[in-house]
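Residue-level structure breakdown
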Amino acid sequence: TLKNAVTAYNAPYDGTAHDAFTVGSLPSGWSTQYADSEGGSYSTTMPKVTNVSDSKTLWVKFSNSSYSDFVTSYSVSVTAKNISGATITLGTLPTYDGTEKTITISKVEVGGSTLTLDTDYTVTSGNKATNVGNTTLKITGKGNYTGTASTTWSLKKATPTVADFTIPTLTAKDYTGSPITVSAP
């Protein structure tokens, strides 16, 4: 049948513009036109879909000079791509100093595509820490992306210096041959 000769696009987001339809073999003399609504303006130009927001119902009109036009609708969809397994590259790890520190994300990649903060993903939790120890940073897909991804990070341990310690001044004691007890402040 005519309707079965056309297949609507339905695949995950990949950043590429795709034809909204694949038109197979039509019977001799038949042609197709496309519109955004049943009563809309039909065109022979193939609609394109790229983003999740391009998902919609489109109309196809099959025409043949010997028959009445046949109009039917198709659901065209671009589904959000799952970011689980994304590669999250962090910036320089902050060093512990007793105050809350924030880790920066320098890059998030999924399938070779670099994602943009607040457009493609948001930071859900774990981008701040006060103490040394494992912290799990979690991001959530947004827009053309869905799902979650995570990585673990930790504050760098501080390197102590002499100024970090109070060294008491000891008073000299004479040797008596017995143990001496020294008290520190």
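Being a predicted model, the structure only gives us computed values, none of them experimental.

Turning our attention to the overall build of the protein. The helix and strand tally for the protein stands at zero helices and 18 strands. By the compact-globule yardstick of 16 Å for 185 residues, the protein is too spread out, its C-alpha radius of gyration being 33 Å. If you line up the protein on its principal axes, its C-alpha atoms span 125 × 25 × 15 Å. Relative to its 185 residues, the protein shows a buried fraction of 28%. Expressed as a percentage of contacts within the protein between residues at least 6 apart in sequence, the contacts between residues at least 24 apart total 51%. For the protein, the distance from the average site of its 13 positive side-chain charges to the average site of its 13 negative ones is 4 Å.

Judged by nonpolar contacts, the single largest core of 32 residues is most densely connected at Phe21 and Ile83. Among the elements of the structure, strand E7 (56–64), strand E8 (67–79), strand E10 (87–90), strand E12 (105–110), strand E16 (135–141) and strand E18 (148–153) are those that each provide at least two residues to this core. Apart from the residues within four sequence positions on either side, Phe21 is in contact with Val6, Thr7, Ala8, Tyr34, Met46, Pro47, Leu58, Val60, Tyr74 and Val76.

Further remarks concern the sheet that holds E10. Taken in spatial order, the three strands line up as E10-E12-E13 in an open sheet, and their pairing is antiparallel. Looking at which strands have only one partner, the edges of the open sheet turn out to be E10 and strand E13 (113–114). Summarising the sheet, E12 and E13 pair through two bridges and their orientation is antiparallel. Each bridged residue has a counterpart across the sheet, and for Glu109 the counterpart in E13 is Thr114.

Basis of the calculations
- Residues numbered from 1 in each chain as written.
- Predicted model: local features only at pLDDT ≥ 70, side-chain atom pairs only at ≥ 80, totals over all residues.
- Heavy atoms only, no water.
- Helix = DSSP H or I, 4+ residues; strand = E, 2+ residues; numbered from the N terminus.
- Rg over C-alpha atoms; globule rule 2.2 N^0.38 Å.
- Buried < 20%, exposed > 50% of the residue type's maximum accessible area, 1.4 Å probe, protein only.
- Contact = heavy atoms within 4.5 Å.
- Lys, Arg positive; Asp, Glu negative; His and termini not counted.
- Charge placed at Lys NZ, Arg CZ, Asp CG, Glu CD.
- Core = buried A, V, L, I, M, F, W, Y, C linked by side-chain atoms within 4.5 Å.
- Pairing = 2+ DSSP bridges.

Shape is all these values report; function is a separate question.
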